[in-house]
Amino acid sequence: MNITFKDKVAIVTGGATGIGAAVVELLCKLGARVAILDRDQEHGQRLAERLNEQGECVSFYPCDVADAESVHTAADTTAQRYGALHVLVHSAGIQRYGDVVSTTLDVWHEVQRVHVDGCFHAVRYAVPHLMKAGGGSVVIVGSVQSMAAVGDSAAYVTAKHALLGLTRSIALDYARHGIRANCVMPGAVDTPMLRWAASLSPDPEAVLEGCRHAHPMGRIGRPEEIARAIAFLASDWASFVTGAALAVDGGMLVPAGGMSFQETGTGSVGKQ
Ligand SMILES: NC(=O)c1ccc[n+]([C@@H]2O[C@H](COP(=O)([O-])OP(=O)(O)OC[C@H]3O[C@@H](n4cnc5c(N)ncnc54)[C@H](O)[C@@H]3O)[C@@H](O)[C@H]2O)c1
C-alpha cells in the first residue's frame, strides 16, 4: 500500500509559500484536494493556478488565521465545496525577534495571534468537519523551538512551545473520535522565512552558514523534506500515531550543548 490521499480533502494554512506550499504540492500529487488558507494572495493564487494546470485540485482562500471568522468561513466553504474535510495542516507562521524586555506588546500579541490563536481557530473550525467525516488528522508545524529555546526569540519560542501543548490536548480530546493530532518540529529550512531572518543580518551568508553548522547533518533542510513527514503523519500510514512530536531537523536537537560544544568543548573529550 502506498501513501495516498485519494478522495481526501485537506486544508493547509500558510500554504502559499515555504513548508506549507510544499505540503500543498505533495498532497495534491498524492491525490488530495487541497484548500490553501493564507493571507499572501499573490503566492497562494499563483501556486493554485500552477497546480491546477495538471488537474483541478487546489483552491485558494485569502485568510488571516488570526481572524476567527475568516478561518471559520474558509473551513466551512472548503468542506461544502469538496463534500468533506479529512486533514488539517497548520503551517501559517511568522518570525519575530526580541527578549522579553525588547519585545514590544504589539509584537508579542502579533506572534501569539498568528501561531497560537491561528492554530486554535484552524483546529476549532476544522474538527467538526473531521468528526463528520468519521475521523481525520491534524498536523501542526511547530519547530525545534517547541522543545528548546533560541536566544532573542521569546515570543516565537513561547508560541512554538504552546503549539506542542495544543497538539497534545487535541490528540487526547479527540482520540475517541478517530482524530489524530501530531506536531512536526523542523530545524532550519530554506524558505522565505529563513531567508528573511538571515537578511536582517549585515552578513546573511554567515547566518545561513551558522544554521548549517547547527545541524549535525551539516545542512539546512528543504521544504519537501518537511512536507514528506507531514504527509506521513496526515496519512493512514500513521494510523496509530497521535500526540507525537516529530523532529525533522537533521539531528539539531541531538547534541547536548550544541555542535560547538561537541567540537571544541568537553563534548569531544577523548577525540584527538
Ligand atoms: N523555515 C524554517 O527554518 C522553520 C523552522 C521551524 C519551523 N518553521 C515553521 O514553519 C511554518 C512555515 O514557515 P516557512 O518557513 O514555510 O515560512 P514562510 O514565510 O515561507 O511561510 C509562512 C506562510 O504563512 C503565511 N502567514 C503568515 N501569517 C499569516 C496569517 N496571519 N494568516 C494566514 N497566513 C499567514 C505566510 O503568508 C506564508 O505563506 C511556520 O510556522 C514556521 O514557524 C519554519
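Everything discussed here concerns the structure shown above.
The numbers attached to residues start from 1 for each chain and follow its sequence in the written order. For a predicted model such as this one, the threshold for reporting local features is a pLDDT of at least 70, and the threshold for listing and counting side-chain atom pairs is 80 or more; totals across whole chains, interfaces and linings nevertheless cover every residue.

A. Quick look at unusual backbone geometry. Its identity is not glycine, yet Asp-7 carries a phi of approximately 65 degrees, on the positive side. Labels follow the DSSP assignment, with helices taken as runs of H or I lasting at least four residues and strands as runs of E lasting at least two, numbered in each case from the N terminus. With respect to the secondary-structure elements, Asp-7 resides in the segment before strand E1 (9–13). Any residue with 12 or fewer other C-beta atoms within 10 Å of its own C-beta is exposed, any with 20 or more is buried, and the rest are partly exposed; the C-beta atoms used are placed from the backbone. Using a count of 12 C-beta atoms within 10 Å as the deciding quantity, one classes Asp-7 as exposed. For Asp-152, which is not glycine, the phi dihedral falls at a positive 60 degrees. Inspection of the secondary structure assignment puts Asp-152 in the loop between strand E5 (136–141) and helix H5 (154–174).

B. Summary view of the site of the ligand. Within the structure, the ligand sits among 29 residues, and Gly-14, Gly-18, Gly-93, Thr-191 and Met-193 are positioned closest to it. The classification used treats Ala, Val, Leu, Ile, Met, Phe, Trp, Tyr, Cys and Pro as nonpolar, Asp, Glu, Lys and Arg as charged, and all other residues, Gly among them, as polar. Grouping the amino acids of the shell around the ligand by side-chain chemistry returns 15 nonpolar, 10 polar and 4 charged. Whether a residue is near a molecule or strand depends on its C-beta atom, placed from the backbone, lying within 6 Å of it.

C. Local environment of the packing of helix H3 (residues 68–82) against helix H4 (residues 105–132). Under this scheme, a helix contributes an axis fitted over its contacting stretch, all axes are lines through C-alpha atoms, and angles between N-to-C directions fall in the 0 to 180 degree range. Put simply, H3 and H4 touch, their axes get as near as 9 Å, and they point 30 degrees apart. By the angle class used here, H3 and H4 are roughly parallel. When the axes of H3 and H4 are compared, the crossing they make is right-handed. The residues of H4 that touch H3, namely those facing Ala-68, Val-71, His-72, Ala-75 and Ala-79, are His-121, Ala-122, Tyr-125, Ala-126 and His-129. Of the residues in the contact of H3 with H4, the class split is 7 nonpolar, 3 polar and no charged. The cut-offs work like this: below 35 degrees is roughly parallel, past 145 is roughly antiparallel, 65 to 115 is roughly perpendicular, and the gaps in between are oblique. By convention, the crossing between two helices is left-handed when the near helix turns anticlockwise from the far helix through less than a right angle, and right-handed when the turn is clockwise. Remark: residues whose backbone-derived C-beta atoms lie within 7 Å of one another are considered to be in contact.

D. The arrangement of the nonpolar core in detail. We define a nonpolar core as a collection of buried residues of the types Ala, Val, Leu, Ile, Met, Phe, Trp, Tyr and Cys that are connected via C-beta atoms lying within 7 Å of each other. Val-23, Ile-36 and Ile-230 are the most contacted members of the largest nonpolar core, which has 80 residues in total. The leading source of residues in this core is H4, at 9 residues. Aside from chain neighbours lying at most four places away, what touches Ile-36 is Val-12, Gly-15, Ala-16, Val-24, Gly-44, Leu-47, Ala-48, Val-58, Phe-60 and Tyr-61.

E. Representation of the sheet that holds strand E7 (residues 245–248). Only strands joined by at least two bridges in the DSSP assignment are considered to pair. Reading across from one edge, E3-E2-E1-E4-E5-E6-E7 is the order of the 7 strands in this open sheet, with parallel pairing throughout. This sheet does not close on itself; its edge strands, each paired only once, are strand E3 (58–62) and E7. Strand-to-strand twist of the sheet, defined as the mean angle between neighbouring strand axes without regard to direction, takes the value 20 degrees. Note that E1 and strand E2 (residues 33–38) share 5 bridges and pair parallel. Looking across to E2, one finds that Ile-11 is bridged to Ala-35. In the packing of helix H1 (residues 18–29) onto the sheet, contacts are made with E1, E2, E3, strand E4 (87–90), E5 and strand E6 (179–186), and the angle to E1 comes to roughly 170 degrees.

F. Representation of the packing of H1 against helix H8 (residues 223–234). With their axes 8 Å apart at the nearest point, H1 and H8 run at an angle of 55 degrees to one another. Classified by the angle their axes make, H1 and H8 are oblique. Of the two elements, H1 crosses H8, and the hand of that crossing is right-handed. Residues Gly-18, Ile-19, Ala-21, Ala-22, Val-23, Leu-26 and Leu-27 of H1 form the contact with H8, whose own contacting residues are Pro-223, Glu-224, Ile-226, Ala-227, Arg-228, Ile-230 and Ala-231. Its residues assigned to classes, the contact of H1 with H8 comprises 11 nonpolar, 1 polar and 2 charged.

G. Summary view of the pairing of E4. In E4, alternate side chains face the same way, and those of Val-87 and Val-89 on one face and Leu-88 and His-90 on the other are all buried. By the bridge criterion, 4 bridges tie E1 to E4 in an arrangement that is parallel. Bridge pairing in E4 places Val-12 opposite Val-89. Pairing of E4 with E5 involves 4 bridges; the strand directions are parallel. Note that in E5 the partner of Leu-88 across the bridge is Val-138.

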